[in-house]
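Observations on the three-dimensional arrangement
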Amino acid sequence: MVAEDEPSRARRTWLRLPQSRPSEMTSVIEPSPDVLTPSVELLTRVASLYHLQGMTQEEIAAKLGLSRPKVGRLLKQARDVGIVEITVHVHPSLAMPLESELSSRFGLRVVVVSDQPDEAAQRAQVGKAAAIALDRLLIDGATVAVGMGRNVKAVSEQAAGLRKRPCTVISGIGGSAQVGEGLNSNDIATRLADALGGRFEGVYAPAYVESTGVRDAFLGHADIGRTLSRARNADIAIVGIGNAVPDSLVVRLGCISAEEMTRLSADGAVGDILGHFFNADGAPIAEWIEQRVVGLTRDDLRLIPDVIATASEATKAPAILGALQSGLINTLVISVATARGILTLVDTPPHRRSRP
C-alpha cells in the first residue's frame, strides 16, 4: 500500500506488475497486466518516475507532456489496480534503465521498446510507441509536420484508434515519384490526418532537386511556400533518421545517387534527418546536398517545440548517435538492441568506431 502524500512516499513504496489479480485488472486495463498495452505502459512509467526516481508530479507532467492533474489520476489508478505494491519488477520490455541513461546523457526524452523477432514487427512496435508519444503531446488545434520513410509511415499506421481531435497534419518535405508503398510525406500525412480526424496539407514537389536554383524556384511557388511556412510553425514534427550508406533508402529511391552518397560518407556523414546530414558528433556535413532539399531546414526543425524521431533498425546506431547530438530532435523512439548499440558506441573511443 502507498500513502497519499508526497513526504510519506519515502517511507514505504514498492512497484510491481501484478500477476495474481487478473480479474481486478481486466475491468481497467485490457487484456491483462502481463500484456504490455499502452495503458499498462503509461501507468508503469508514471509510477516508476514518481516512486523509484523520486520525481515530483509536476516534473513528470513536464517530462511526459501530461497535465499535473492527469499525473495524479494515473498514480491513483496505479495504486487501485495493484501496480504499486510490495516489490519492484519493472516489465523488461520497458527498458527503463536504458531510457534513463540515454536521457541523462543527451538531455532529451527517450522511449525504448522491446526487441521483436523480425524487421516488420520491430518497425510496428517502434511506430506504436511513437504514436503513443504523439497522442500525449497533441492538443486540440495543434499542427503536426511529418517526414518520409518506413519508420514515419509506421507511426501513421499505428495511430489508428487514437483519439480523434481537431488538428492539421502537414508534409515537411517533398516526395519522389519512385517512392512506393506510401512512403512519401504526403501519403503519410494523409494517413495520419485520417487516423486523428484532422485535416491534411501536402507539399507537391520533389524532395531533392538538381540544384539550389531549382530548389529556390519550387520554394517560390505560392502553394509550396505557404505549406512549408505552416509546417515550420508546427507544434510537433515526426521524422525518421536515415543512415549514410550506399544502400540507404534515399539511394534506392533515387533521391540521391550512389556516387553522391559515397561522397557524403567520405565527408564524414553518418546520417540525416529530412535530408540534413550530420557527422558522428551531430555537426552539419555536406550542406551542398541540403541546399537541394525542398522541405524544412535545420533551423526550422530547431524551432518546432517537439520533434519526435523514430528509428527501428539497430544498424542505424551510428546515425542515431549523431542525431542525438545534432540538436534537431528532443524525443527519440528506438528498440532495446538499438539503445544498447548506441551506449556501446558512446563508450568506444571515436578512432576505434567502425564506419557504417
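Residues numbered from 1 in each chain as written. Predicted model: local features only at pLDDT ≥ 70, side-chain atom pairs only at ≥ 80, totals over all residues. Heavy atoms only, no water.

**Quick word on helix α15 (residues 317–324)**
Rules: Under the scheme applied here, a residue whose accessible area is under 20% of the maximum for its type counts as buried, over 50% as exposed, and between as partly exposed, the area being computed with a 1.4 Å probe on protein chains only. Numbered from the N terminus, helices here are DSSP runs of H or I no shorter than four residues, and strands are runs of E no shorter than two. Contact between two residues is taken to exist if any of their heavy atoms lie within 4.5 Å; hydrogens are not considered.
Within α15, 8 of the 8 residues are buried, which leaves it mostly tucked inside the rest of the structure. Regarding α15, the residues found buried are A317, P318, A319, I320, L321, G322, A323 and L324. Its buried side turned inward, α15 meets α5 (96–106), β6 (242–243), β7 (271–273), β8 (276–278), β10 (331–335) and α16 (336–346).

**Focus: the packing of aromatic side chains**
To keep it simple, the criterion reads: The pairing test for Phe, Tyr and Trp rings, Trp by its six-membered ring, is centres within 6.5 Å, and the orientation test on the planes gives stacked under 30 degrees, edge-to-face over 60, and tilted for anything in between. Charge-over-ring contacts are defined here by two conditions on Lys NZ or Arg CZ: a distance within 6 Å of the ring centre and an angle within 35 degrees of the ring normal.
Scanning the model with the defined rule gives 0 aromatic pairs in all. If you follow R263 out to its NZ or CZ, it ends over the ring of W288, 3.9 Å from the centre.

**A look at the sheet that holds β7**
Rules: A pair of strands is labelled paired if DSSP reports no fewer than 2 bridges between them. Under this scheme, a helix contributes an axis fitted over its contacting stretch, all axes are lines through C-alpha atoms, and angles between N-to-C directions fall in the 0 to 180 degree range.
Spatially, the 3 strands line up as an open sheet ordered β6-β7-β8, and their pairing is antiparallel. Looking along the sheet, the strands with just one partner apiece sit at the ends: β6 and β8. Where α15 meets the sheet, it contacts β6, β7 and β8, and its direction lies at approximately 100° from that of β8.

**Examining the pairing of strand β9 (residues 306–310)**
Note on strand geometry: in a regular strand, side chains alternate between the two faces of the sheet. Note the threshold: Handedness is read with the strands pointing away from the viewer; a crossover is right-handed when the path from the first strand over the helix to the second is clockwise.
Of all the 5 residues making up β9, 5 are buried; the element is thus mostly covered by neighbouring parts of the structure. Residues D306, I308 and T310 point to one face of β9 and V307 and A309 to the other, with burial holding for every one of them. Alignment of strand β5 (residues 236–240) against β9, held across 5 bridges, turns out to be parallel. Bridge pairing in β9 places V239 opposite A309. Direction of pairing for β9 relative to β10: parallel, over a ladder of 3 bridges. Pairing of A309 across the sheet is with L332, part of β10. In this fold, β9 hands off to α15, which returns the chain to β10; that crossover is right-handed.

**Quick look at the packing of helix α6 (residues 119–137) against helix α7 (residues 150–158)**
Formally: Left-handed describes a crossing whose near helix is turned anticlockwise from the far helix through less than a right angle; right-handed describes the clockwise counterpart.
Close contact between α6 and α7 brings their axes to 7 Å; oriented N to C, the two are set at 65°. When the axes of α6 and α7 are compared, the crossing they make is right-handed. Listed contacts from α7 to E119, R123, A124, G127, K128, A130 and A131 of α6 are R150, N151, A154, V155 and Q158.

**As for the sheet that holds strand β1 (residues 109–113)**
Judged by pairing direction, the sheet is parallel, and its 7 strands sit side by side in the order β1-β10-β9-β5-β2-β3-β4 without closing on themselves. Edge positions in the sheet fall to β1 and β4 (199–201), since each of these pairs with one other strand and no more. In this sheet, adjacent strand axes meet at a mean angle of 20° when their direction is disregarded. Two strands pair when backbone bridges link them, and strand β2 (residues 143–146) and β5 are joined in this way by 3 bridges, in the parallel orientation. In the strand pairing of β5, A145 is matched with A237. Here α6 sits on the sheet in contact with β1, β2, β5, β9 and β10, set at roughly 170° to β9.

**A closer look at the nonpolar core**
Selection criterion: The term nonpolar core refers to a set of buried residues drawn from Ala, Val, Leu, Ile, Met, Phe, Trp, Tyr and Cys, joined through side-chain atoms within 4.5 Å.
Counting residues in hydrophobic clusters, the biggest one holds 57 residues, and the most contacted among them are I241, I273, L301 and I329. The biggest single contributor to this core is α15, with 6 residues. Contacts of I241, omitting those with residues within four sequence positions, involve D272, I273, F278, A309, T310, K316, A319, I320, A323 and L332. Formed by 29 residues, the second largest nonpolar core is a distinct cluster that contains L137, L162, C167 and L196.

**Focus: unusual backbone geometry**
Trans is the prevailing form of peptide bonds, just as negative phi is the prevailing case for residues other than glycine. At L274, a position not held by glycine, the phi torsion is positive, near 55°. With respect to the secondary-structure elements, L274 resides in the loop between β7 and β8. Looking at L274, the relative accessible area reads 10%, which means it is buried. Although it is not a glycine, A286 adopts a positive phi angle of roughly 55°.

**Comments concerning the confidence of the model for the protein chain**
Note that predicted coordinates carrying low pLDDT should not be read in detail. Quick reminder of the rule: Each residue carries a pLDDT score, the predictor's confidence in it, ranging from 0 to 100.
Taken over all residues, the pLDDT of the protein chain has a mean of 86, while the share at 70 or more is 85%. Counted against residues more than four places away or in other chains, residues 16–33, with its pLDDT under 50, gives 34 contacts. Across residues 86–90 the pLDDT falls below 50, and counting only partners more than four positions away or on other chains, this stretch makes 15 contacts in the model.

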